[in-house]
Amino acid sequence: MNALTLPDIAAQASRQALPLDWVGMCGIALPVLLDGQRLAAIADAGVSLDDGTARGIHMSRLYLALEMLEQQPLTPALLRNVLQRFLDTHEDLSKDAYLRIHTNLLLKRPALVSPLEGWKSYPVSIEARLENQMFHVELKIDVTYSSTCPCSAALARQLIQQQFLQDFAHTPLQHEAVLTWLGSANGIVATPHSQRSSAQLNVQLQGDDLAIVDLINAAEAALGTAVQTAVKRADEQAFALANGQNLMFCEDAARRLNLALKRSDAVKAFHLKVIHAESLHAHDAVAESRWTRDCA
Ligand SMILES: Nc1nc2c(ncn2[C@@H]2O[C@H](COP(=O)(O)OP(=O)(O)OP(=O)(O)O)[C@@H](O)[C@H]2O)c(=O)[nH]1
């Protein structure tokens, strides 16, 4: 049997000589090593096609370069090496290289009071690019928390005061009677609305640390009301207290996160967005904040 040469269409000249900004593959399944875990991830890998006369890039070379991610923990240095491999295997074709990895980081979280714990899943996207020989890496992390409306809390308190005036109008105040009243339904005649909320942190990193767990921890500490995993009544009561002590408009949440992210040495710049999926309205309350470290 004759050995046939396989046709190589990518090596042909393009009929329309035109460079392209991004060419590659989206939705590649692969495992990555993050925070000591092997996680299922989806990658988008691409390069610029600067040689407008070339018909195509070499998809398989990008795909094979991703193998590096299976063996070593994910770091900015590793991402840079992968991007460099993209460019080395596309000499004369490409100047810029791009890699986006999306995964769900699992963190074990303790209960607030009881000796229990459970897993939380954090959607994380890591975007790395090597453009004009400059390396950039960005993180997108979603953190879910609870927010109780401070205005609604004040309005509810006022109704509780009115109920108190009504119920004790003609009664001399007695400690025991007030205590019983406080424990009754009349003692909390109105409740403030609260909502499951999410913070989308879009962070430009500096240094050689992805700092994902540190950033999540810093964000949750700043908010004070991260959603819980295993919950007994004692934990639920502690959560109610945490919410009462951290009443938040979306503006408050955005400001807290702004201050927390600025304190991290790993952060060069950020754009954050908080979304309070209101239970008062059918629409969301949203706040955004941006910041860039002054390097002067
Ligand atoms: N460039 C390009 N390749 C595609 C596309 N869709 C599928 N492919 C296939 O991707 C496969 C891998 O391409 P290459 O990396 O160039 O494969 P190869 O020529 O065997 O590998 P090298 O010898 O390293 O160049 C080829 O079989 C292409 O046909 C596309 O839209 N663009």
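Residues numbered from 1 in each chain as written. Predicted model: local features only at pLDDT ≥ 70, side-chain atom pairs only at ≥ 80, totals over all residues. Heavy atoms only, no water.

Looking at an unreviewed UniProt entry, the chain carries the name GTP cyclohydrolase FolE2, with the source organism given as Pseudomonas paralactis. Heading Pathway (unreviewed entry) of the UniProt record for the chain holds this comment: "Cofactor biosynthesis; 7,8-dihydroneopterin triphosphate biosynthesis; 7,8-dihydroneopterin triphosphate from GTP: step 1/1." Regarding the chain, the UniProt comment filed under Function (unreviewed entry) reads as follows: "Converts GTP to 7,8-dihydroneopterin triphosphate." (UniProt positions renumbered as here; feature names shortened; annotations may be inferred.)

Asks: Is there a simple way to explain the packing of aromatic side chains in this structure?
Replies: The description of an aromatic ring pair uses the distance of the two centres, along with the angle that the planes make with each other. In this structure the tally under the stated criterion is 4 aromatic pairs. Centre to centre, the rings of phenylalanine 168 and tryptophan 181 are 5.8 Å apart; their planes meet at 75°, and the pair counts as edge-to-face. Here the residue phenylalanine 168 occupies a position in the loop between α4 (150-167) and α5 (175-182), and tryptophan 181 occupies one in helix α5, the gap between them amounting to 13 residues. For phenylalanine 168, a relative accessible area of 11% translates into the label buried. Site record: aromatic cluster; members linked through ring pairs are Phe164, Phe168 and Trp181. (Phe/Tyr/Trp six-rings, centres within 6.5 Å; stacked < 30°, edge-to-face > 60°. Helix = DSSP H or I, 4+ residues; strand = E, 2+ residues; numbered from the N terminus. Buried < 20%, exposed > 50% of the residue type's maximum accessible area, 1.4 Å probe, protein only.)

Asks: Honestly, the pairing of strand β5 (residues 134-148) in this entry has me stumped. Any pointers?
Replies: Regular strands have side chains that alternate between both faces of the sheet. Two strands pair when backbone bridges link them, and strand β4 (residues 117-131) and β5 are joined in this way by 8 bridges, in the antiparallel orientation. Looking across to β5, one finds that arginine 129 is bridged to histidine 136. Hairpin connection from β4 to β5: 2 residues lie between these consecutive antiparallel strands, with asparagine 132 at a positive phi of about 50°. Where β5 and strand β6 (residues 194-205) come together, 11 bridges link them in antiparallel fashion. Of the residues in β6, the one forming a bridge with serine 146 is arginine 196. (Pairing = 2+ DSSP bridges.)

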